[in-house]
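# Remarks on the overall topology
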Amino acid sequence: MLAVMNIALPASTGRTFTGHTACPHDCPSTCALDVEVADGRIGRLRGARDNDYTAGVICAKVARYAERIHHPARLLTPRQRTGAKGSGSWREIGWDDALDLVAEAFVKAEARYGSEAVWPYYYAGTMGLVQRDGINRLRHAKRYSNQFDSICTNMAWTGWHVGAGRLSGVDPREMAEADCVVIWGTNAVATQVNVMTHATRARKERGATIVVIDIYDNATMKQADTALKLRPGSDGALAAALMHCAFRDGTADRAYMAEFTDDPAGLEAHLATRTPGWAAGITGLSVAEIEAFAALIGRTPRTFFRLGYGFTRQRNGAASMHAALSVPAVYGHWRHRGGGAFHTNSDIFGLDKQLIMGTASRDPAIRHLDQSRIGPVLTGDPAALQGGPPVLAMLVQNTNPANVAPEQRLVRDGLAREDLFVAVHEHFMTDTAELADLVLPATMFMEHDDIYRGGGQSHILLGPKLVEAPSTVRSNHVVVEELAKRLGVADRPGFGLTERDLIEDLLARSGRGTLADLEAGRWLDVQPSFEDAHFLKGFGWKDGRYRFRADWLNLSAPNTPPASMGGTQGPAASLPVFPDHAALDEPTNAEHPFRLATSPARQFLNSSFAETEGSTSRERRPELMIHAEDADRLGLADDALVEIGNRRGSLRLPVRVSDTVRPGFVLHEGLWPNSAFAGGEGINTLIGADSVAPAGGVAFHDATVWVRPV
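Residues numbered from 1 in each chain as written. Predicted model: local features only at pLDDT ≥ 70, side-chain atom pairs only at ≥ 80, totals over all residues. Heavy atoms only, no water.

Moving on, we get to the packing of aromatic side chains. Throughout the structure, instances matching the rule amount to 13 aromatic pairs. Both rings, one in Phe-106 and one in Tyr-144, keep their centres 5.5 Å apart while their planes meet at 80 degrees; by these two values the pair is edge-to-face. Highlighted residues: Phe-106 in helix H3 (residues 95-113) and Tyr-144 in the loop between helix H5 (135-142) and strand E7 (146-148), separated in sequence by 38 residues. Neither Phe-106 nor Tyr-144 differs from the other in exposure class; each is buried. Taken together, the ring pairs connect Trp-334, Phe-535, Phe-539, Tyr-546 and Phe-548 into an aromatic cluster. Lying over the aromatic face of Phe-495, Arg-137 brings its terminal NZ or CZ to 4.9 Å of the ring centre. (Phe/Tyr/Trp six-rings, centres within 6.5 Å; stacked < 30°, edge-to-face > 60°. Helix = DSSP H or I, 4+ residues; strand = E, 2+ residues; numbered from the N terminus. Buried < 20%, exposed > 50% of the residue type's maximum accessible area, 1.4 Å probe, protein only. Lys NZ or Arg CZ within 6 Å of the ring centre and 35° of its normal.)

Attention now moves to the packing of H3 against helix H20 (residues 476-486). Angle between the axes and distance between the axes: these two values describe a pair of packed helices. Contact geometry for H3 and H20: axes closest at 10 Å, N-to-C directions at 65 degrees. H20 is crossed by H3, and the crossing has right-handed handedness. Residues Trp-95, Asp-96, Leu-99, Asp-100, Val-102 and Ala-103 of H3 form the contact with H20, whose own contacting residues are Val-479, Glu-482, Leu-483 and Arg-486. Looking at side-chain class alone, the contact of H3 with H20 contains six nonpolar, no polar and four charged residues. (Axes fitted to C-alpha atoms, helices over the stretch in contact; angles between N-to-C directions. Left-handed = near helix turned anticlockwise from the far one by under 90°. Contact = heavy atoms within 4.5 Å. Nonpolar A, V, L, I, M, F, W, Y, C, P; charged D, E, K, R; others polar.)

With that settled, the discussion passes to the pairing of strand E11 (residues 303-307). It is a general feature of regular strands that their side chains alternate between the two faces of the sheet. Summarising burial for E11: five of the five residues are buried, a large majority. Burial along E11 is two-sided: the residues Thr-303, Phe-305 and Leu-307 and Phe-304 and Arg-306 are all buried. Where strand E8 (residues 180-184) meets E11, five bridges bridge the pair, whose relative direction is parallel. Bridge pairing in E11 links Cys-180 to Thr-303. In this sheet, strand E12 (residues 340-342) lies alongside E11 in parallel orientation, the contact comprising three bridges. Residue Phe-305 lies in a different strand from E12, and its bridge partner there is Ala-341. (Pairing = 2+ DSSP bridges.)

A probe as big as a water molecule, rolled over the atoms, marks out the empty space that is left. Here the second largest pocket is characterised by a volume of approximately 410 Å³. As for the second largest pocket, its lining consists of 21 residues, and the residues nearest its centre are Tyr-216, Glu-619, Met-625, Arg-656 and Glu-669. Of all elements in the fold, only helix H24 (613-619) and strand E24 (665-669) reach the threshold of two or more residues within the lining of the second largest pocket. For the lining of the second largest pocket, the class distribution of residues is seven nonpolar, four polar and 10 charged. (1 Å grid on protein atoms, 1.4 Å probe; cavity = no way out; pocket = protein on both sides within 12 Å on 5 of 7 lines; lining within 4 Å. Points joined across faces, edges and corners; volume = space filled by probe spheres on them.)

Attention now moves to the pattern of salt bridges. Counting across every chain of the model gives 49 salt bridges. As a salt-bridge pair, Arg-68 and Glu-611 come within 2.6 Å of each other at their nearest N and O atoms. Residue Arg-68 is found in helix H2 (residues 66-69), and its partner Glu-611 is found in the loop between strand E20 (594-599) and H24; the two are separated by 543 residues along the sequence. Since its relative accessible area comes to 4%, Arg-68 is described here as buried. Taken together, the shared-partner salt bridges in this structure form one network comprising Arg-315, Glu-586, Arg-595, Arg-648, Asp-690 and Asp-702. (Salt bridge = Lys/Arg side-chain N within 4 Å of Asp/Glu carboxyl O.)

Next comes the structure, spelled out in structure tokens:
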């Protein structure tokens, strides 16, 4: 039960204006936004037309952001648990008392097992550099357990970096200058709408062909001129066959490879048996489809490969990214404007966050706990704990692990421990907040100052405060600052400053001008030159050559596991040296005959927006897509209830019979709250937390399951 207090909402300003900011959510687009503000409240959001990447287009869910920021169920006061964990019994308390409780729990945990018994846990609910990364300033000052960030990018970034040596690529706006745009392993219509802005412009203005490669007939596949529907985890086989065809047919750019790559002769020999017939047996495509695609990119110098994250969320994901990235190197597409490849621009920004993150206080001896393995960590797995003490206290910001993390039963069991204190700083009562000891209400992105960078593009963008927050909510920055005072580290570098102070320092250290300049310009475009973006001055390795030979055991990519974690993860030695198909996916068998993927839904973003009626009404319900052949065999019709499970657990949900998916493959879209499922367990119950080779991460699209009628 919860008594409702009188909450002070933002005062009326009587002013109407258009504010300018950036989308904070976990999406590579980082859209520049124009925001209607009237009488202190948010109205419609639109993409900034004068930003030539956003180009006036944003996704529908963010356009409806007023529904989220003014939601009647938004958290507005701190809440302390009064009954058993998860019982829903709370009392409201004041902010000073709430922060005192957090500090006392941290001090108690440290007194019992040392500072590593405290684990600040966060991720990308906001991508703002101040509000997201500031929790690390407290972590380092107090020598709390480090977090190894693995859940999202590691397979994709490692696979790209092992070839190119740098996380950058062709200006994504060059898609509009391509004659063929290949959208590989990302449902851009649902997850990054700006990719479609530039791809469809190329089709309209140049007659470009759009090729989409994915595992099911999603919204992006439906907009393709050529749609290639693969079996999950077979992307490396398709890439190998495309390169085989290039060598066979004389469409390989041998002069380019001689100048810019490490071992084209070795690659050609390796690919001699990787024929379209071989790849057809692995991918499920026909030989004719593979041959036609190879011929298209062979005669089209301006072929732009937009490589996504989705196809790398397999146990062979890093190898698949390396194989796909190797294709434009064999064909020489990098030479041409509108040709080459892009995945992320993460390495171009050069932003020095040392004051925000408090790196001067960092102790290299402190252990790293893998965020993806939060279930094993919190349930006492010795290996997951790095041989150290149990975690007894946590502050969770910007993430919802009880819903988004793999092996959900372990995560929930761990969070439910009575000896574990958990404070969750959130906008809504998420699945994680429901299991907390203390819930703290957080500001939303238009209620505080921050700065952003677009991994999927090239802009640094300012996100200024546009409206006053309710008087009873606090920003991530304020919570970190207040805890530092209570824990005796407020004199350490980076503390005692405002958000604007930290932004000013970041820009100055990074040589990116001043805050006043950024405010005046709204964003800063730091796109490298054509020659740098196309690697025509050399790739990121010392010899300047693209590496067909991948060195998986000596990694240097961002988010490489630290030495204390062994340097590599998973069966790294099993990854192929040359681009190829790696048969590492979870195997199907008689007990688990179906392969499951858990793809994003158009109206949600991870677990965000699942609280808004505008999104849930459009997504309708959680359901399982299954092919008609499999449905007939199991005696299922649309809306039939099934149980789906594996050794990690089981859950129930209705089916949608469709040829959207291939036989033997089932798919669930979206991260619905656990409460949306019968029994209160969500889809990530079925996903493994085993570390993916070679740098960790979660194989969200790689699980095998059984499906049974209820």
